[in-house]
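Examining the three-dimensional arrangement
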Amino acid sequence: TQLLEQSPQFLSIQEGENLTVYCNSSSVFSSLQWYRQEPGEGPVLLVTVVTGGEVKKLKRLTFQFGDARKDSSLHITAAQPGDTGLYLCAGVRGSQGNLIFGKGTKLSVKP
Amino acid sequence: ETGVTQSPTHLIKTRGQQVTLRCSSQSGHNTVSWYQQALGQGPQFIFQYYREEENGRGNFPPRFSGLQFPNYSSELNVNALELDDSALYLCASTLTGGGGYRRNYGYTFGSGTRLTVV
């Protein structure tokens with residue numbers, strides 16, 4: 001059973017388009033993290049959202065944490081080829097901070 | 001500051017063999033977690049070490065075991081390798097205080113060890 005469902009699984013768009021990736025769960029998490037992973041590399045942390053309803057911006061990326069702390073979204077404005085990669089959301093669980101990952105969204109931005 | 005380093009980068013083993021993977025945590029970090037990432041999947045939590053003790057474990061059998069050393073580096077050992085153990089094994093480190101994991105502090109991942117079991 002996948003605790004965190006990410007959608008869409010694959011996304012192929014043209015440079016300049018906007019996109020949104022969703023991360024949904026029936027579980028409540030103490031915080032949620034978004035990572036970006038490139039082939040042959042480990043995930044790199046983009047952002048951590050902690051408070052329900054929180055919105056964080058990182059240049060053209062906007063992250064939102066749901067009010068109930070069960071879901072999150074990542075919106076990219078004017079996507080660029082450099083945004084290509086696997087985007088992973090991870091819920092933080094327990095006092096030990098174990099990460100529960102979704103399957104990821106594979107984004108391809110074509111020039 | 002140095003990041004998380006893992007060795008080896010690639011490894012090929014035969015079914016039934018044993019393997020040891022190594023991880024050096026980022027400078028200043030005291031907690032190490034291990035994850036298994038199968039092709040096309042998100043990473044799956046194996047276990048976590050803090051103060052040289054396992055303090056969290058995912059749904060993996062006992063043939064997956066680990067160690068953390070006083071310098072916070074860590075090893076992942078897998079006995080009786082199976083074909084399904086073929087995956088990218090990721091090590092991640094973070095800083096944990098006396099009150100537990102800090103919610104707003106993320107993990108630093110290494111580049112992983114690609115294990116192939118034939």
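With that settled, the discussion passes to the overall build of chain A. Of the regular secondary structure elements, chain A holds zero helices and eleven strands. For chain A, the α and β elements follow one another from N to C terminus as β-β-β-β-β-β-β-β-β-β-β. Over its C-alpha trace chain A gives a radius of gyration of 13 Å, about what one expects of a compact globule, namely 13 Å for 111 residues. Based on the C-alpha atoms only, the size of chain A along its principal axes is roughly 45 × 30 × 20 Å. Within chain A, the fraction of its 111 residues that count as buried is 45%.

All right, on to the pattern of salt bridges then. All chains considered together, the criterion is met by seven salt bridges over all chains. With a closest N to O distance of 2.9 Å, R60(A) and D83(A) form a salt bridge. On the criterion of sequence distance, the pair formed by R60(A) in the loop between β6 (55-58) and β7 (61-65) and D83(A) in the loop between β8 (71-76) and β9 (85-93) is long-range, its members being 23 residues apart. Through salt bridges with shared partners, a single network forms among R63(B), E82(B) and D85(B).

Reading the values: rules and limits
- Residues numbered from 1 in each chain as written.
- Chains lettered and ligands numbered in written order.
- Predicted model: local features only at pLDDT ≥ 70, side-chain atom pairs only at ≥ 80, totals over all residues.
- Heavy atoms only, no water.
- Helix = DSSP H or I, 4+ residues; strand = E, 2+ residues; numbered from the N terminus.
- Rg over C-alpha atoms; globule rule 2.2 N^0.38 Å.
- Buried < 20%, exposed > 50% of the residue type's maximum accessible area, 1.4 Å probe, protein only.
- Salt bridge = Lys/Arg side-chain N within 4 Å of Asp/Glu carboxyl O.

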